[in-house]
Number of protein chains: 2
Amino acid sequence: MIRRFRGESLHKVDAKGRVSVPAAFRRVLEEGDPDFSRGSSPNFVIVYGGVRGDCLEGYTISSISKVDKLISKLPRFSKDREMLERFINTQSTYMQLDETGRIVLSQRLKEKIGIGDEAIFAGMGEKFQIWEPKNYQNELNALDSSFKNLSEDENPFLKLDQLQD
Amino acid sequence: MIRRFRGESLHKVDAKGRVSVPAAFRRVLEEGDPDFSRGSSPNFVIVYGGVRGDCLEGYTISSISKVDKLISKLPRFSKDREMLERFINTQSTYMQLDETGRIVLSQRLKEKIGIGDEAIFAGMGEKFQIWEPKNYQNELNALDSSFKNLSEDENPFLKLDQLQD
DNA sequence: TGCTATCTTATGGGATATCATGGAATTTTA
DNA sequence: TAAAATTCCATGATATCCCATAAGATAGCA
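Analysis parameters
Along each chain, residue indices are assigned from 1 in the same order as the chain's sequence is written. Labels follow written order: the first chain is A, the first ligand is 1, and so on. The predicted origin of the model limits local features to residues at a pLDDT of at least 70 and limits the giving and counting of side-chain atom pairs to 80 or more, whereas totals for whole chains, interfaces and linings rest on all residues. Here the side-chain values reflect all heavy atoms present in the structure, with hydrogen atoms and water set aside. Think of a patch as exposed residues, more than 30% relative accessible area, with no salt bridge, where like charges cluster within 9 Å and nonpolar side chains (Val, Leu, Ile, Met, Phe, Trp, Tyr) cluster within 5 Å. Note that accessible areas follow from Shrake-Rupley with a 1.4 Å probe, and for residues the cover is restricted to the protein chains shown. When a carboxyl oxygen of Asp or Glu is within 4 Å of a side-chain nitrogen of Lys or Arg, the pair counts as a salt bridge. Put simply, DSSP marks the helices as runs of H or I at least four residues long and the strands as runs of E at least two long, and each gets a number from the N terminus on. Accessible area is worked out with a 1.4 Å probe on protein chains only. A residue is then buried under 20% of its type maximum, exposed over 50%, and partly exposed in between. Cavities and pockets are found on a 1 Å grid laid over the protein atoms alone: a cavity is a set of points where a 1.4 Å probe fits but cannot escape, a pocket is an open set with protein on both sides within 12 Å along at least five of seven lines, and a lining residue has an atom within 4 Å of such a point. Grid points are joined across faces, edges and corners, and a volume is the space filled by probe spheres set on the points. Amino acids outside the nonpolar list (Ala, Val, Leu, Ile, Met, Phe, Trp, Tyr, Cys, Pro) and the charged list (Asp, Glu, Lys, Arg) are all regarded as polar, and Gly is one of them. In this description, a line fitted to the C-alpha atoms serves as the axis of each element, helices being fitted only across the stretch in contact, and the angle between N-to-C directions of two axes falls anywhere from 0 to 180 degrees. Each angle is binned into one of four classes, with values under 35 degrees roughly parallel, values over 145 roughly antiparallel, values of 65 to 115 roughly perpendicular, and all other values oblique. Each crossing is labelled by how the near helix is turned from the far one, with a counterclockwise turn of less than a right angle marking it left-handed and a clockwise turn marking it right-handed. Contacts between residues were defined by any pair of non-hydrogen atoms, one from each residue, lying within 4.5 Å. It suffices for a single heavy atom of a residue to lie within 4 Å of a molecule or strand for the residue to be listed as near it. Here a polar contact is taken to be a pair of N or O atoms separated by no more than 3.5 Å, where protein atoms must pair a possible hydrogen donor with a possible acceptor and residues adjacent in sequence count only if both atoms sit in side chains. When two components associate, each loses some accessible surface as probed by a 1.4 Å sphere; the sum of these losses over both components is called the buried area. Copies overlap after least-squares fitting; the atoms used are the C-alpha atoms of residues with pLDDT of at least 70 in both. Whether two strands pair comes down to DSSP finding at least two bridges between them. Note on aromatic contacts: the rings of Phe and Tyr and the six-membered ring of Trp form a pair at centre separations within 6.5 Å, being stacked when their planes are under 30 degrees apart, edge-to-face when over 60 apart, and tilted otherwise. Look at NZ for Lys and CZ for Arg. If either is within 6 Å of the ring centre and within 35 degrees of the ring normal, a charge sits over the ring.

Chemist: Before we move on, can you summarise a nonpolar patch on the surface with the specific residues and values?
Modeler: Residue and element names in this part refer to chain A. Together, F147, L150, F157 and L158 make up a nonpolar patch on the protein surface, roughly 380 Å² of accessible area in all. Along the chain, F147 turns up in helix α5 (residues 133–148). By relative accessible area, which is 36% here, F147 ends up partly exposed.

Chemist: Provide a residue-level description of empty space enclosed by the protein, including the pertinent values.
Modeler: For the structure shown, the criterion picks out one cavity of 30 Å³ or more. Its volume calculated, the largest cavity comes out at about 100 Å³. For the largest cavity, the full set of lining residues is A:R76, A:F77, A:R81, A:E82, A:E85, B:Y59, B:M124, B:E126 and B:K127. Looking at the lining of the largest cavity, the element that brings in the most residues is helix α3 (residues 79–90) of chain A, giving three residues. Partitioned by chemical class, the residues of the lining of the largest cavity number three nonpolar, no polar and six charged.

Chemist: Outline the packing of helix α2 (residues 61–73) of chain A against α3(A), listing residues and values.
Modeler: A pair of packed helices is captured by two measures, namely the crossing angle of their axes and the spacing between those axes. Residue and element names in this part refer to chain A. Closest axis-to-axis distance for the α2/α3 pair is 10 Å, and the angle between their directions is 160°. Our classification of the angle between α2 and α3 gives roughly antiparallel. Relative to α3, α2 is oriented so that their crossing is left-handed. Residue-level contacts link I64, V67, D68, I71 and S72 of α2 to R81, L84, E85, I88 and N89 of α3. Counted by class, the contact of α2 with α3 contains five nonpolar, two polar and three charged residues.

Chemist: I'd like a description of the protein's contact with DNA strand C, backed by residues and values.
Modeler: Near DNA strand C there are 25 residues, and of these A:K16, A:R18, A:R102, B:K16 and B:R18 occur at the shortest range. Atoms of DNA strand C within 4 Å of the protein belong to the sugar or the phosphate in 43% of instances, the rest to bases. Between B:R26 and DNA strand C, the recorded distance is 2.9 Å, taken from a side-chain N or O atom to a phosphate oxygen. Every element with two or more residues in the surface near DNA strand C is listed here: β1 (8–12), β2 (18–20) and α1 (23–31) of chain A together with β1 (8–12), β2 (18–20) and α1 (23–31) of chain B.

Chemist: Could you give an account of the layout of surface pockets, with specific residues and numbers?
Modeler: Approximately 520 Å³ is the volume found for the second largest pocket. Forming the walls of the second largest pocket are 23 residues, and the residues nearest its centre are B:M1, B:I2, B:R3, B:R4 and B:E126. At six residues, the largest contribution of residues to the lining of the second largest pocket is made by α2(A). Looking at the lining of the second largest pocket residue by residue, the classes come out as eight nonpolar, seven polar and eight charged.

Chemist: Tell me what's going on with the interface of chain B and chain A, and back it up with residues and numbers.
Modeler: Each partner contributes to the interface: chain B provides 40 residues, whereas chain A provides 31 residues. Here chain B and chain A share an interface that buries about 3,200 Å² over both sides, 58% of which is from carbon and sulfur atoms. The three residues of chain B that bury the most area against chain A are B:M1, B:R6 and B:M124, which together make up 23% of that side's buried surface. Where chain B meets chain A, there are nine salt bridges. Our count for the contact surface shared by chain B and chain A stands at 15 residue pairs in polar contact (both at pLDDT 80 or more).

Chemist: Outline the protein's contact with DNA strand D, listing residues and values.
Modeler: Around DNA strand D, the neighbouring residues are A:K16, A:R18, B:K16 and B:R18. B:K16 is positioned such that a nitrogen or oxygen atom in its side chain is 3.3 Å from a base oxygen of DNA strand D. In terms of residue class, the surface near DNA strand D is made up of no nonpolar, no polar and four charged.

Chemist: Requested: an account of the relation of the copies chain B and chain A, with residues and values cited.
Modeler: Superposing chain B onto chain A takes a rotation of 28° plus a shift of 13 Å along the axis, which leaves an RMSD of 0.7 Å. The overlap is low: 10% of the interface residues of chain B also sit at the interface in chain A, so different surfaces are used on the two sides.

Chemist: Could you give an account of the pairing of strand β7 (residues 118–124) of chain B, with specific residues and numbers?
Modeler: Residues and elements named next belong to chain B. β7 sits mainly inside the fold: six of its seven residues count as buried. Sheet topology places β7 next to strand β8 (residues 127–131); five bridges connect them, and they run antiparallel. Residue G123 lies in a different strand from β8, and its bridge partner there is F128. Hairpin connection, β7 to β8: the antiparallel pair is bridged by two residues, and G125 has positive phi, about 80°.

Chemist: Can you explain the packing of aromatic side chains? Please cite residues and give values.
Modeler: How two aromatic rings sit relative to each other is given by the distance of their centres and the angle of their planes. This structure, assessed with the given rule, holds 17 aromatic pairs over all chains. Taking 6.1 Å as the distance between ring centres and 45° as the angle between the ring planes, the aromatic pair formed by B:F44 and B:F128 counts as tilted. Remark: B:F128 occurs in strand β8 and B:F44 occurs in strand β3 (residues 43–47); sequence separation between them is 84 residues. B:F128 carries the same exposure label as B:F44, and that label is buried. Relative to B:F157, the ring of B:F147 lies with its centre 5.7 Å away and its plane at 85°, an arrangement referred to as edge-to-face. Of this pair, B:F147 sits in helix α5 (residues 133–148) while B:F157 is found in helix α6 (residues 156–160), placing the two residues 10 residues apart along the sequence. Residue class for B:F157 comes out partly exposed when judged on its relative accessible area of 21%. Taken together, the ring pairs connect A:F5, A:F25, A:F44, A:F121 and A:F128 into an aromatic cluster. Positioned above the aromatic ring of A:Y94 is the side chain of B:R3, whose terminal nitrogen or guanidinium carbon lies 5.2 Å from the ring centre. The cationic tip of B:R6 hangs over the ring face of A:Y94; the distance from NZ or CZ to the ring centre is 5.2 Å.

Below, the structure is given as structure tokens:
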């Protein structure tokens, strides 16, 4: 089985910015780090820029490498490539879990998404997100109401089965 | 894992032109210098000519070699090759980190990109860039707004998935 | 099925190391 | 020999490591 990021949970952020990554997510990060071995701590990547400015996104090493590899296929110095590098490489950072399964959110990262002393972790399949709790709730509400306004043939659930394999 | 240049940070440039290279970038420079050994300081290359003129670009020894190799594939004496040689070879210089992880930006280099007493380092995967902070912010804003103006099928993120693996 | 022992998780506090930066001393160079 | 560049030392801030604990979760067993 390829484990994916699933579920949501609330965690305390202490004065040093330390916050526990949900244990279930840790398993995914371990599997997604080719250099991980029992006893060590997995590396991964947090992307904070790009399209969404309102949350952080965590990627396993292997899933971010996939993206990196695709980007490297674009011609060096091309506009597209520079844009993607900027959004995905520049506005991101390597992270490593500590012994106890925590990471440190720097002052800068906390400010980026307006986090105080609590954070929500939300599983999104190949990635996970970190939100300030209130903003997260707003996001959910917005999603809910925009879903309700969709017509039948705009419903993404129904579109799913029309995709080819 | 092959470490890449990731993230961005702001550093002071002192009266002598000294500036700290972000610790995370130092690790990448070390890995990318075949002659590096523990205890010494890695060499790398700064390109100041070329594509844009508004920032400096830093390459590891091994990534600049890749570029050099690509250039050598072009026909000798061709206009293209001459131009690239000029930008990448002529307008570049070897650099070495000092003991404390700093480099010295000469007057000339500072003038090239209009740097005063602060500099932004921005990771771009196989290379990194050094910017004057205001210019960097402008670059980001320009990128942001040009991204917003793209149509769905010009979006480089979406184009990524269409590339072959 | 209940009870206890063990492990895992989430969290906190203090000690230690690394990083970014400044200034002085020394060498090089023109 | 004065200016410029390089080396050496110093320090506060930040990040990292190490240890501690309490609450759940899990396992084993009677």
